[in-house]
Amino acid sequence: MTLLTRTEGAHAPVPGRPRRGPGLSAVPAFVFMALVAGYMLLPVYWLLVSATKSQGDLVSTPGLLLADWHLGENLSALFAQQDGVYARWLLNSLAYAGAGAAIGTLLAAMAGYALAVYRFKGREAVFSVILGGVLVPATALALPLFLLFAEVDATNTFWSVFLPSVVSPFSVYLARIFAAASIPEEVIEAARIDGAGEWTIFRTIALRMMSPALVTVFLFQFVVIWNNFLLPLIMLQDERLYPVTLGLFTWQSQTSRVPELQTLTLVGALVSVVPIVLTFLLLQRYWRAGLAAGAVKS
Amino acid sequence: MTTTRTPATTPRRRTLAPFAFLAPFLIPFVLFTLVPVGYAFWQSLHRTERTGGTFGRTETVFAGFEQYADVVSEPFFVDSLVRVALFGLVQIPVMLALALALALLLDSAVARLKRFFRLVYFVPYGIPGVVAALMWAFLYDPQLSPVVGLLRSAHLDVDLLGPGAVLFSIGNVVTWTYTGYNMLIMYAALQAVPADLSEAARVDGAGAWTIALRIKVPVIRPALVLTGVFSLIGTFQLFTEPQVFRAISTSVTSTYTPNLAAYSLASSDRYSEAAALSVLLAVATFALSFLFLRFTARRQG
């Protein structure tokens, strides 16, 4: 991470020396980048505008222009629908993603620490199997997981979605890289000489040194779980256990029969996206560090 | 955990410690990743048979690779595979080229407002796939969409959800969602390219284009390969977007992609065939990523 911040300004032209050749000129580059930015923002802007419209205006007024302001009514309708099931979905998502990512990060930190710091027989074999797990896509696992949970009669429960979400081989991979980079061997050796136990060393020294990196790991896993769709779709029948993504999906698939759900789906989508986009933007630094580790070291 | 250190216990404690640290991860990893894979494979080799009419017992019998033969001979198998392959051939290069262009521009001295653009490009990745697909589904809807309205006023009457266009419409959603993510991976790698490398080339008279294509791109190869593998895996696993689009477009069938087909098989209680298809899909994905890695590694050497 320090490497990244250090190279940040390294690309500025050296003062006093004229740059040779025009190369790319600034204006077309800017126009291109602005056009792409427009493409990225258009759907978000449309969602913002649409969330403020009544169901009638949604169909009858131009999509990119504001009509009568109905955001307040839409929001109260959203939270009133089916006895406030939407709030329940939000809380579920928070529980699946928040608790799942927190536990997952701790497990990954311990495993990554063990793989980075200790030299033991079978270390590379264990790491290879974990890396193999990275290549097994979550969607390929969803169906087998369903069959397995059906075997013990545990589908359609909170745990059927929560437990598989905790496991993230990619987090272990990241944690190992971060642990190797951020914990000097001498520090551990010194602590051992001072008489500290292995667990104490991990808890009081290693965890602290890894903590900025662990924020990254947590964020990655949080978003992956929050966005998970196939696993809850396969596992859950009870609407009260749905995460918000699955809830919105069921509303949208009913819009042909219940047109009012169109507005609710849109407002619901907006409300569900705001917290995660904000988190993203506020913690951008950590994201870039995590992506850099994934890209550069592989 | 005592803090007294005796020569006899220290090495022993230290040989056990890594396993104690690994176990809390490995146990759920085995249970929820390795066992399901193994179980799916086992299930794919067996078939449930009913004996003696409606009230008879069901029993599981070994069927070898029968299930696989059944799945492979279904018309949807080849259709859906060809569909995702076509999808990947067009969508992956478009998305990665766009991501690379943006990353190089952000990394070059030319660009203005870098911080703002970097932020904006990354916003779609923060939006869940389901929500992104929902949003675009509304934007493709002939009744609601300002985009379709604009095209109509230019006398272009296109049905973005029709059989010919819907695959491209889905491709657009995927491109929109993941371009920024791939761009950030490439951009992060570009940041680690030593500045004196480009500076030396500049002194030698190389233009910005040459520096970008001849120096920066080769250096960030590992990052490019990584985005390629991730995109390939994503393409063969395509599920969320077509599943959402099924609600609004009759062109998206229940067996539109291999993953969708596996899901449909499972929902109609054909578990063994669903398992066989899942295994085939996982093996194919694995093999493709592996081949891709090998191929790109050889070209380098």
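Please read these numbers as outputs of a predicted model, since none were measured by experiment.

1. Observations concerning the overall build of chain B
Scanning chain B from N- to C-terminus turns up 13 helices and two strands. Relative to the globule expectation of 19 Å for 301 residues, the C-alpha radius of gyration of chain B, 25 Å, shows a markedly less compact shape. Each of the three principal axes of chain B carries a C-alpha extent, and together these read 85 × 85 × 40 Å. Sequence separation of 24 or more characterises 67% of the internal contacts of chain B that already satisfy a separation of 6 or more.

2. Some points on the overall build of chain A
Of regular secondary structure, chain A possesses 15 helices and zero strands. A total of 298 residues make up chain A; the buried ones form 43% of that total. Residue pairs in contact within chain A that sit at least 24 positions apart in sequence constitute 75% of those at least 6 positions apart.

3. Quick look at the UniProt feature "transmembrane region" (unreviewed entry) in chain B
Using the residue numbers shown here, the UniProt feature "transmembrane region" (unreviewed entry) corresponds to residues 21-42, 84-107, 119-140, 160-181, 219-239 and 274-293 of chain B. Segment residues 84-107 of chain B splits into 100% helix and 0% strand. End C-alpha atoms: 33 Å apart.

4. Points about helix H3 (residues 75-107) of chain B
Between its terminal C-alpha atoms H3(B) stretches 48 Å, which fits the 48 Å expected from 33 residues at 1.5 Å a residue. The sharpest bend along H3(B) measures roughly 30° and falls at B:Gly88.

5. Here's the deal with the domain arrangement of chain A
Residue and element names in this part refer to chain A. Segmenting chain A into domains produces domain 1 (28-69) and domain 2 (80-296). Centre-to-centre separation of domain 1 and domain 2, based on C-alpha positions: 32 Å. Contact residues are listed per partner, giving six residues for domain 1 and eight residues for domain 2. Breaking the side of domain 1 that touches domain 2 down by element, the ones donating at least two residues are helix H2 (26-51) and helix H3 (55-60). Considering every element that reaches the side of domain 1 that touches domain 2, the biggest residue donor is H2, with four residues.

6. With respect to the nonpolar core
If you look at the biggest cluster of nonpolar residues, it comprises 165 residues, and the most contacted ones within it are A:Ala111, A:Tyr113, A:Leu143, A:Ala175, B:Ala103, B:Leu134 and B:Met186. Split by domain, the residues of this core number at least three in each of domain 1 (28-69) and domain 2 (80-296) of chain A.

7. Examining the interface of chain A and chain B
Every contact between the two is made by 87 residues of chain A and, on the other side, 86 residues of chain B. The element that contributes the greatest number of residues to the side of chain A that touches chain B is H2(A), accounting for twelve residues. Residue composition of the side of chain A that touches chain B, by class: 66 nonpolar, 18 polar and three charged.

8. Some points on the environment of B:Asp157
Counting through the fold element by element, B:Asp157 comes out in the loop between helix H6 (146-153) and helix H7 (166-191). Measuring from C-alpha to C-alpha, the distance between B:Asp157 and B:Ala262 comes to 35 Å, with 105 residues separating the pair along the chain.

9. As for the UniProt feature "transmembrane region" (unreviewed entry) in chain A
All names here are of chain A. In this numbering, the UniProt entry assigns the feature "transmembrane region" (unreviewed entry) to residues 26-48, 94-118, 125-150, 156-175, 213-236 and 261-283. Along residues 26-48 the backbone is 100% helical and 0% strand, and the end-to-end C-alpha distance reaches 32 Å. End-to-end, the C-alpha atoms of residues 156-175 are 32 Å apart, and along that stretch the chain is 80% helix and 0% strand.

10. Topic: the packing of helix H4 (residues 71-80) of chain A against helix H14 (residues 261-282) of chain A
All names here are of chain A. Between H4 and H14, whose axes approach to 9 Å, the crossing angle comes to 90°. Of the possible angle classes, the one that applies to H4 and H14 is roughly perpendicular. On H14, the residues touching Asn74, Leu75, Ala77 and Leu78 of H4 are Thr263, Leu264, Val267, Gly268 and Val271. Looking at the contact of H4 with H14 residue by residue, the class counts come to six nonpolar, three polar and no charged.

11. Digging into the packing of helix H13 (residues 244-253) of chain A against helix H5 (residues 129-140) of chain B
Contact geometry for H13(A) and H5(B): axes closest at 9 Å, N-to-C directions at 25°. Taken as axis vectors, H13(A) and H5(B) run roughly parallel relative to one another. With respect to the hand of their crossing, H13(A) and H5(B) are arranged in left-handed fashion. Where H13(A) approaches H5(B), its residues A:Thr245, A:Leu248, A:Phe249 and A:Gln252 are matched on the opposing element by B:Val130, B:Val131 and B:Leu134. Looking at the contact of H13(A) with H5(B) residue by residue, the classes come out as five nonpolar, two polar and no charged.

12. Overview of unusual backbone geometry
Residue and element names in this part refer to chain A. Unlike most non-glycine residues, Gln82 shows phi in positive territory, near 45°. For Gln82, the location among the structural elements is in the loop between H4 and helix H5 (85-117). With 12 C-beta atoms packed within 10 Å, Gln82 lands in the exposed category. Unusually for a residue other than glycine, Asp153 sits at a positive phi of about 60°. Turning to its location among the elements, Asp153 is positioned in the loop between helix H7 (138-151) and helix H8 (158-166).

13. Observations regarding the environment of A:Ala99
All names here are of chain A. Residue position: Ala99 is located in helix H5. Classification of Ala99 by C-beta neighbours within 10 Å gives partly exposed; the count is 14. For the pair Ala99 and Leu147, spaced 48 residues apart in sequence, the C-alpha to C-alpha distance is 25 Å.

14. Remarks on the environment of A:Ala269
Tracing the chain through its elements places A:Ala269 in helix H14. A residue is classified by how many C-beta atoms lie within 10 Å of it, and A:Ala269, with 26 of them, is buried. Residues A:Ala269 and A:Phe249 lie 20 residues apart in sequence; the distance between their C-alpha atoms is 9.8 Å. Residue contacts for A:Ala269: discarding those within four places in its chain leaves A:Leu47, A:Leu248, B:Val131, B:Leu134 and B:Met135.

Procedures and definitions
Residues numbered from 1 in each chain as written. Chains lettered and ligands numbered in written order. Predicted model: local features only at pLDDT ≥ 70, side-chain atom pairs only at ≥ 80, totals over all residues. Helix = DSSP H or I, 4+ residues; strand = E, 2+ residues; numbered from the N terminus. Rg over C-alpha atoms; globule rule 2.2 N^0.38 Å. Contact = placed C-beta atoms within 7 Å. Buried ≥ 20, exposed ≤ 12 C-beta atoms within 10 Å, placed from the backbone. UniProt positions renumbered as here; feature names shortened; annotations may be inferred. Expected span 1.5 Å × (residues − 1). Bend = angle between axes of the 7 residues up to and from the residue. Domains from an automatic or database assignment. Core = buried A, V, L, I, M, F, W, Y, C linked by C-beta atoms within 7 Å. Nonpolar A, V, L, I, M, F, W, Y, C, P; charged D, E, K, R; others polar. Axes fitted to C-alpha atoms, helices over the stretch in contact; angles between N-to-C directions. Parallel < 35°, antiparallel > 145°, perpendicular 65-115°, else oblique. Left-handed = near helix turned anticlockwise from the far one by under 90°.

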